[in-house]
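Results of the structural survey
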Amino acid sequence: MPDFFENYVKLKWKRQQHDIVRCPRVAVYGTLKQDYHNHYWLEGATLLGRDRLTALTLYDFGPYPGAKAESSAGAVVEIYTINAEQLALLDQLEGYFAHASH
């Protein structure tokens, strides 16, 4: 069984590296933005700029926000370049597991 687990971890890592090569940028909002308490999760990432997503509406559901594709005044986001390690940290923060069914 250890060989299966080791191979699984290697495959997952390769997939993350492939994904990050295809799209080495992330748009963040809320507590991940500069001057907010979760921004440290982006340590080492490079800020490219800011944008306003007017085709997205954010909703406050308590501890986690919700988003819906609909017109709005816009959600202000910061755009960063990241690497595979930073993506893994963001996945950890968000409770996202690539191997889980979605």
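Above this text sits the structure in question.
The structure reproduced in this document is the subject of the present report. (Residues numbered from 1 in each chain as written. Predicted model: local features only at pLDDT ≥ 70, side-chain atom pairs only at ≥ 80, totals over all residues. Heavy atoms only, no water.)

In terms of regular secondary structure, the protein chain is built from two helices and five strands. Along the protein chain, from the amino end to the carboxyl end, the secondary structure elements read α-β-β-β-β-β-α. Going through the 102 residues of the protein chain one by one, you find that 22% of them count as buried. Within the protein chain, contacts between residues separated by at least 24 positions form 62% of all contacts whose residues are at least 6 apart in sequence. Accessible surface, the protein chain: about 7,600 Å² in total, of which carbon and sulfur atoms supply 58%. (Helix = DSSP H or I, 4+ residues; strand = E, 2+ residues; numbered from the N terminus. Buried < 20%, exposed > 50% of the residue type's maximum accessible area, 1.4 Å probe, protein only. Contact = heavy atoms within 4.5 Å. Areas by Shrake-Rupley, 256 points an atom, 1.4 Å probe, with all protein chains shown as cover.)

What follows covers the nonpolar core. Membership of the largest hydrophobic core is limited to nine residues, which are Val26, Val28, Leu32, Trp41, Leu42, Ala45, Tyr80, Ile82 and Leu90. Ignoring anything within four residues of it in the chain, the contact list for Leu32 reads Asn38, His39, Trp41, Leu42, Glu78, Leu90, Leu93 and Glu94. (Core = buried A, V, L, I, M, F, W, Y, C linked by side-chain atoms within 4.5 Å.)

Once that is clear, we can look at the side chain of Asn38. Secondary-structure assignment places Asn38 in the loop between strand E1 (25–28) and strand E2 (46–53). Residues contacting Asn38, with those up to four places away along its chain left out, are Thr31, Leu32 and Leu93.

In this section: unusual backbone geometry. Even without being glycine, Asp35 reaches a positive phi, approximately 75°. Checked against the element boundaries, Asp35 lands in the loop between E1 and E2.

Under the counting rule described, the total for this entry stands at two salt bridges. Here Lys68 and Glu70 are joined by a salt bridge, their closest N and O atoms 3.9 Å apart. (Salt bridge = Lys/Arg side-chain N within 4 Å of Asp/Glu carboxyl O.)

Looking now at the layout of surface pockets. Empty space within the largest pocket amounts to approximately 420 Å³. Looking at the largest pocket, it is lined by 16 residues, and the ones nearest its centre are Tyr29, Leu32, Pro65, Leu93 and Glu94. Top contributing element to the lining of the largest pocket by residue count: helix H2 (residues 84–94), with five residues. Across the lining of the largest pocket, the residue classes break down as eleven nonpolar, three polar and two charged. (1 Å grid on protein atoms, 1.4 Å probe; cavity = no way out; pocket = protein on both sides within 12 Å on 5 of 7 lines; lining within 4 Å. Points joined across faces, edges and corners; volume = space filled by probe spheres on them. Nonpolar A, V, L, I, M, F, W, Y, C, P; charged D, E, K, R; others polar.)

On to H2, then. Along an α-helix, a turn takes 3.6 residues, which lines up residues three or four apart on a common side. When we look at burial in H2, the residues that qualify are Ala84, Gln86, Leu90 and Asp91. End-on, the buried residues of H2 take up no more than an arc of 160°, which puts them together on one face. N-capping of H2 is provided by Asn83, with a side-chain oxygen placed 3.0 Å from the backbone N of Glu85. One or two residues past the end of H2 sits Gly95, with phi positive at roughly 70°. (Arc of directions from axis to C-beta. Polar contact = N/O pair within 3.5 Å; in protein donor to acceptor, adjacent residues only side chain to side chain.)

This part is about the environment of Val76. With respect to the helices and strands, the residue Val76 is situated in strand E5 (residues 75–81). Overall, Val76 belongs to the partly exposed group, its relative accessible area being 32%. The spacing of Val76 and Gly30 is 46 residues in sequence and 8.6 Å in space, taken between C-alpha atoms. Sequence-distant contacts of Val76, defined by excluding residues within four places in its chain, comprise Val28, Tyr29, Lys33, Asp51 and Arg52.

Note that every value here comes from positions in space, so none of it alone points to a role or purpose.
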